[in-house]
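Okay, here's what each chain looks like letter by letter:
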Amino acid sequence: MQGWLCETLDGVDALQWREMPTPQPQAGQVRVAIHAASLNFPDLLIVEGKYQMRPPLPFVPGSEFSGRVDAVGPGVETPRVGDAVAVIGSHGGFATHALVDASRVIPLPPGFALDDAAAFAFTYGTAHHALIDRGQLRAGETVLVLGAAGGVGTAAVQVAKAAGARVIAAASNADKCALCREIGADETIDYGREDLRERLKALTGSRGLDVVYDPVGGALAEPALRAVGWRGRYLVIGFAGGTIPALPWNLPLLKGSSIVGVFWGEFVRREPQAFAVAMRELAQWHAQGKVKPVIDQRLPMSALRDAYARMASRQVRGKVLLVNR
């Protein structure tokens, strides 16, 4: 097998594309011949030692991938050799093969494309857990999605629309705003040239926002928080903007609003049954055409550095896929 090996926590440039012995699955494990892996923001943090989870060195990064089972270990009844699967975890995906505990494998419904599967669970799972579970989003409510043209942003726009919400998508340029409208956003804000706070006032009036979905943080957080209405919910997804904001905490007090943390990975670990229910609903929405991953580019698996560079430059619209050809 071949894969990208992280031997130090010195970032992307230190990763090495290596040939390694193809591993054999042990009891309770399956081996997946990887079709594609998608790049997520934690994949950048983990090779710099900045993510919550730190696998022991050396490791192969890549938190989300799809493929087919090509070997099973003793005691594994399902999945079977040949089954199409998706896998989420902290690492292992940027390679040609991976060993996975059978319990971590997500069987794919018939007709679910492997490209879609490699770019689905992480972002759509996060959006569903955030909006439907933690945010208690109801039909007719108004949602602001920050960073709306990225992977978690495009997923959030689609999940919110599937739930019957009015969606205001905010992104950093006109092209990204156009993409958001294509996938269902009702209104867009180009915060590269428009004042976020003033535009939100114009779009929501005295009612304000019901829900804010914020994977960005930084300078966008305070104007978004100020736009939240009575009993609104501000969902803290992450800090792709690079800084954790210091916010005026009198605002939630005055508006009876809530600041809600969203840690999807821990939700999956602690509440596997609830996670399974969410994924079944998302699979149904996918089959109905309500949600579908936005693929920015498909690159060969050996071009991982190019994919990281595109993510770091904030050019990505949706998700970048790395494919084994």
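One can find the structure itself at the top, above this paragraph.
How each quantity is defined
Residues numbered from 1 in each chain as written. Predicted model: local features only at pLDDT ≥ 70, side-chain atom pairs only at ≥ 80, totals over all residues. Heavy atoms only, no water. Salt bridge = Lys/Arg side-chain N within 4 Å of Asp/Glu carboxyl O. Helix = DSSP H or I, 4+ residues; strand = E, 2+ residues; numbered from the N terminus. Buried < 20%, exposed > 50% of the residue type's maximum accessible area, 1.4 Å probe, protein only. Pairing = 2+ DSSP bridges. Axes fitted to C-alpha atoms, helices over the stretch in contact; angles between N-to-C directions. Contact = heavy atoms within 4.5 Å.

A.B. asks: Please explain the pattern of salt bridges as it appears in this structure.
C.D. replies: A side chain of one charge can pair with a side chain of the opposite charge when the charged atoms of the two come close. Summed over the entire model, instances satisfying the criterion amount to 18 salt bridges. One salt bridge connects arginine 18 with glutamate 7, and the closest N-O pair in it is separated by 3.1 Å. Taken together, the residues span a long stretch of sequence, with arginine 18 in strand β2 (residues 16-19) and glutamate 7 in the loop between β1 (2-5) and β2 at a distance of 11 residues. A relative accessible area of 35% places glutamate 7 in the partly exposed class. Between arginine 233 and glutamate 141 there is a salt bridge whose closest N-O contact spans 2.7 Å. One end of the pair, arginine 233, is in strand β12 (residues 228-236); the other, glutamate 141, is in the loop between α3 (121-134) and β8 (142-145), and 92 residues separate them in sequence. Exposure remark for glutamate 141: the relative accessible area of 6% places this residue in the buried category. A single network of salt bridges, built from pairs that share partners, joins Arg138, Glu141 and Arg233.

A.B. asks: It is not clear to me how the sheet that holds strand β13 (residues 258-261) should be interpreted in this structure. Could you clarify?
C.D. replies: In any sheet, the strands associate via hydrogen bonds between backbone groups, in a parallel or an antiparallel arrangement. Taken in spatial order, the 6 strands make up an open sheet running β10-β9-β8-β11-β12-β13, and their pairing is parallel. Sheet topology places β10 (187-190) and β13 at the edges, where each strand pairs with a single neighbour. The sheet shows a mean angle of 20° between the axes of neighbouring strands, direction not considered. Bridge count for strand β11 (residues 209-214) against β12 is 5 bridges, and the pairing is parallel. Considered in β12, the bridge of valine 211 is made with arginine 233. Sitting on the sheet, helix α6 (residues 196-204) is in contact with β8, β9 (166-171), β10 and β11, with an inclination near 165° to β10.

Remember that the coordinates give geometry; whether it matters functionally is a separate question.
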